[in-house]
Amino acid sequence: MFRDNYGGLYAYALRRASPEDAEEVVAETFVVAWRRWDDAPRDHVRPWLYGIARRILANQRRGRARQKRLLERMQGWRALRSSPAAEAYGIARSESEQLYRAWRQLRPEDRELLLLAAWEQLDHHGIAEVVGCSPGTARVRLHRARKRLRSQLDRLTGEAGDDGGRDG
Amino acid sequence: MTDRLLRDLAELDPIDETAVPDGHGPEADRLLAWVLAQPHTETPRRQQRRRLWLLVPAALMLVAAGWLLAQPSERPHEVSCYREASTGADRAEAQVGADDDPVSVCARLWESGDLWAEPRPSELASCVTPARSIAVVPGDGEESCVALGWAPLDWDASAREVSLLDADLRRFHLDHACPSEEEARAHAERLLERHGLEDWDVQAVGQTTPEEPCVSIGIDSDDDRLLLTPLRAPPES
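Quantities reported herein were computed from a predicted structural model and do not represent experimental measurements.

Rules behind the numbers
- Residues numbered from 1 in each chain as written.
- Chains lettered and ligands numbered in written order.
- Predicted model: local features only at pLDDT ≥ 70, side-chain atom pairs only at ≥ 80, totals over all residues.
- Heavy atoms only, no water.
- Helix = DSSP H or I, 4+ residues; strand = E, 2+ residues; numbered from the N terminus.
- Buried < 20%, exposed > 50% of the residue type's maximum accessible area, 1.4 Å probe, protein only.
- Lys, Arg positive; Asp, Glu negative; His and termini not counted.
- Salt bridge = Lys/Arg side-chain N within 4 Å of Asp/Glu carboxyl O.
- Polar contact = N/O pair within 3.5 Å; in protein donor to acceptor, adjacent residues only side chain to side chain.
- pLDDT = per-residue confidence, 0-100.
- Contact = heavy atoms within 4.5 Å.
- Buried area = accessible area lost by both parts, 1.4 Å probe.
- Core = buried A, V, L, I, M, F, W, Y, C linked by side-chain atoms within 4.5 Å.
- Pairing = 2+ DSSP bridges.
- Axes fitted to C-alpha atoms, helices over the stretch in contact; angles between N-to-C directions.
- Expected span 1.5 Å × (residues − 1).

A. Representation of the side chain of arginine 111 of chain A. Residues and elements named next belong to chain A. Its place among the elements puts arginine 111 in helix 7 (residues 108-118). Buried charged residue arginine 111 carries no salt bridge. Nearest counter-charge: glutamate 112, at 7.6 Å. Separated by 2.9 Å, the side chain of arginine 111 and the backbone oxygen of leucine 106 make a polar contact.

Below is the structure:
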């Protein structure tokens, strides 16, 4: 359990906290998991660990400060990491900017659901385990979050198009 | 199109997982040794003992106060009153009737002085844990629940039932890895009846296929319905 999930859990924590905080979260998560191992759903261990880490992060965070860090890290992504895959998908830089802005305008719950699906690659069962709802509810919520993201993105794209038209 | 959206979002991931230390390096070894050195069962046992001792005065107080369910025909719920806003904190269990609210019940336990020495916190928040139980923790509003990874509980009639319905669905899905549509529909209808939501509908969204043979039940509280959606079978453990 430990060795199989260490890297994934560390990545989960790093995405949402500073490296120092992430190490602390990983350590605390494994201690809690060790104590509650009897309760672990054997077919969803990784999401179960994410769920524990999520609660530890929530306890540890000072709400907006952690969220701010996450946003800063996402903004910093473009400076830190080249993205050949993005180019392969034909995603223009401006489109990534728009997507980031659209995502940022969503509610925190929607943002987190989308990240669990996109970054942690979790399906509805996994997301349900992390956030503590039924898989069906997770599916519905994720569907709605996607729709809201699409809607925000369309709105921003429309605004950009309008601006471009005026400029031109 | 939506998969493309998630793929694009994945490209914004600030972490390159291949660069993250795996579970076989020296850092992981050190952490594993430290984790294994932590008490495994002592703390929960100690907590259970504390809980047992806390339950006795709590139960006596409840009986002495004549706190009974106002409507015996209505199903009572169990509530855990947490001493601190932490999932591992000491707690006392009590029952709450349909016409009472969990915060009031726990507030009375705090004020009785039989529970814990310190005075009652100025604010208490009611939450639903992933294990379906209702929890009351010191704190102000929904944020207190969310900070623990729990859902806020709205004790107003229908919202309360929806919260509990969601918890029941979670339990159903834990017990049934791959329910058929027939099973899911029958269970959904039973749950709606149990929670007094007879005016809700159960609707199938799509049909099961060999690729998606399982059915998941989701709540659409905006339109008062439960949605049966086909899912892939969960991976074998």
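B. Up close: the confidence of the model for chain B. Residue and element names in this part refer to chain B. For chain B, the average pLDDT comes to 73, and 72% of its residues sit at 70 or higher. Mean pLDDT across the secondary structure elements of chain B bottoms out at helix 3 (residues 42-64), with 41, and peaks at helix 7 (residues 181-194), with 91. Confidence over residues 41-75 falls short of pLDDT 50; this stretch has 38 contacts with residues more than four positions distant or in other chains. What the predictor reports for the complex is a pTM of 0.48 with an ipTM of 0.72.

C. Quick look at the interface of chain B and chain A. On the side of chain A, 64 residues touch chain B, which itself brings 61 residues to the contact. Interface of chain B and chain A: buried area, both sides summed, is about 5600 Å²; carbon and sulfur atoms make up 61% of it. Taken as a group, Leu5, Glu11 and Leu12 of chain B account for 13% of the area that chain B buries against chain A, more than any other trio of residues on that side. For the pair chain B and chain A, the number of links is one salt bridge. Among the ionic pairs, aspartate 13 of chain B bridges to arginine 15 of chain A, the shortest N-O distance being 2.9 Å. Connecting chain B to chain A are six residue pairs in polar contact (both at pLDDT 80 or more). Looking at the side of chain B that touches chain A element by element, the count peaks at nine residues for helix 1 (residues 2-10) of chain B.

D. Layout of the environment of glutamate 189 of chain B. Residues and elements named next belong to chain B. Considering the arrangement of structural elements, one finds glutamate 189 in helix 7. Here glutamate 189 falls in the partly exposed class, since its relative accessible area comes to 43%. When the C-alpha positions of glutamate 189 and leucine 226 are compared, they lie 9.0 Å apart, and in sequence the two are 37 residues distant.

E. The nonpolar core, seen in detail. Formed by 59 residues in total, the largest nonpolar core has its most connected members in Val26, Phe30, Leu114, Ile127 and Leu149 of chain A together with Leu9 and Leu31 of chain B. Setting aside chain neighbours within four positions, we find leucine 9 of chain B in contact with Leu99, Trp103, Leu114, Leu115, Ala118, Trp119 and Leu149 of chain A. By size, the runner-up hydrophobic cluster in this structure holds 19 residues, among which are Val79, Ala107, Trp116 and Ala167 of chain B.

F. A look at the sheet that holds strand 8 (residues 225-231) of chain B. All names here are of chain B. Across the sheet, three strands lie side by side as 6-8-7; this open sheet has mixed pairing. Each edge of the sheet is formed by a strand with only one pairing partner; in this case those strands are strand 6 (201-204) and strand 7 (214-220). Taken over all neighbouring pairs, the strand axes of this sheet differ in orientation by 25° on average, direction set aside. Pairing between strand 6 and strand 8: four bridges, direction parallel. Note on strand 8: the bridge partner recorded for alanine 204 is leucine 228. Sitting on the sheet, helix 7 is in contact with strand 6, strand 7 and strand 8, with an inclination near 160° to strand 6.

G. Highlighting helix 1 (residues 2-16) of chain A. Over its 15 residues, helix 1 of chain A extends 20 Å from the first C-alpha to the last, a length consistent with the 21 Å expected when each residue adds 1.5 Å. The buried count for helix 1 of chain A comes to 13 of 15 residues, which makes it a mostly enclosed element.

H. Region of interest: the pattern of salt bridges. Residues and elements named next belong to chain B. Taken as a whole and assessed by the stated rule, the structure comprises 12 salt bridges over all chains. The closest approach of N and O atoms between arginine 83 and aspartate 90, which form a salt bridge, is 3.5 Å. Residue arginine 83 is classed as partly exposed on the basis of its relative accessible area of 25%. We classify aspartate 90 as buried; its relative accessible area is 11%.

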